[in-house]
Amino acid sequence: MLQLRPNCECCDRDLPPDSRDAMICSFECTFCADCAVGTLSGICPNCSGELVRRPVRPAAKLQGNPPSSQRVLKAEGCAPGKAA
Ligand SMILES: [Zn+2]
Ligand SMILES: [Zn+2]
């Protein structure tokens, strides 16, 4: 099951479970669409993996399958086009 992390690792923007602007890699490093597409060119800065849009979990399923509340943030921010 996806963790559905609550924020962008680059800019700390809130990414609620119903956000269509959330992008993740296969390890669920989580970014907003602006950072993922703009700053990161679609590549995860942590694992060099592909970033794809995170699917929205239906609201009715969130009750029994709550999203992660643990915020993950890169202390140094995200550098444009930086390879891992
Ligand atoms: Zn961001
Ligand atoms: Zn990653």
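Residues numbered from 1 in each chain as written. Chains lettered and ligands numbered in written order. Predicted model: local features only at pLDDT ≥ 70, side-chain atom pairs only at ≥ 80, totals over all residues. Heavy atoms only, no water.

K.L.:
I'd like a description of the coordination of the zinc ion (ligand 2), backed by residues and values.
P.N.:
In the first shell of the zinc ion (ligand 2), the protein supplies C25 (SG), C29 (SG), C44 (SG) and C47 (SG), at 2.3 to 2.6 Å from the metal. Linear spacing of the donor residues for the zinc ion (ligand 2) on their chain is C-x3-C-x14-C-x2-C. Residue classification places C29 among the buried residues on the basis of a relative accessible area of 8%. (Donors = N, O, S within 2.8 Å, 3.2 Å for Na, K, Ca; no water. Buried < 20%, exposed > 50% of the residue type's maximum accessible area, 1.4 Å probe, protein only.)

K.L.:
Explain the coordination of the zinc ion (ligand 1) residue by residue, including any values.
P.N.:
The coordination sphere of the zinc ion (ligand 1), as far as protein atoms go, consists of C8 (SG), C11 (SG), C32 (SG) and C35 (SG), spread over 2.3 Å. Here the zinc ion (ligand 1) binds four donor atoms, and the angle range of 100 to 116° at the metal identifies the geometry as tetrahedral. All donors of the zinc ion (ligand 1) belong to a single chain; written as a sequence motif, their spacing is C-x2-C-x20-C-x2-C. Remark: C35 occurs in helix 1 (residues 33-39) and C11 occurs in the segment before strand 1 (22-24); sequence separation between them is 24 residues. Judged by its relative accessible area of 9%, C35 falls in the buried class. (Tetrahedral: all angles 85-135°; square planar, octahedral: opposite > 155°, others 65-115°. Helix = DSSP H or I, 4+ residues; strand = E, 2+ residues; numbered from the N terminus.)

K.L.:
Hey, could you go over the pattern of salt bridges for me, with residue numbers and the actual values?
P.N.:
In a structure, side chains of opposite charge can pair up when their charged atoms sit close to one another. Overall, the coordinates contain five salt bridges when judged by the stated rule. Across the pair D34 and R13 runs a salt bridge, and its minimum N-O distance is 2.9 Å. Taken together, the residues D34 in helix 1 and R13 in the segment before strand 1 connect sequence positions 21 residues apart. Where E76 meets K74, a salt bridge forms, and the shortest distance between an N and an O atom there is 3.8 Å. A cluster of three or more residues bridged by salt bridges with shared partners is formed by D12, D14 and R71. (Salt bridge = Lys/Arg side-chain N within 4 Å of Asp/Glu carboxyl O.)

K.L.:
Report on the sheet that holds strand 3 (residues 52-53), specifying residues and quantitative values.
P.N.:
The strand order across the open sheet formed by three strands is 2-1-3, and the pairing between neighbours is antiparallel. Looking at strand neighbours, the two that pair on one side only are strand 2 (30-32) and strand 3, the edges of this open sheet. (Pairing = 2+ DSSP bridges.)

K.L.:
Could you give me a rundown of the side chain of N7, with the residues and numbers involved?
P.N.:
Inspection of the secondary structure puts N7 in the segment before strand 1. At 2.8 Å, the side chain of N7 forms a polar contact with the side chain of D12. (Polar contact = N/O pair within 3.5 Å; in protein donor to acceptor, adjacent residues only side chain to side chain.)

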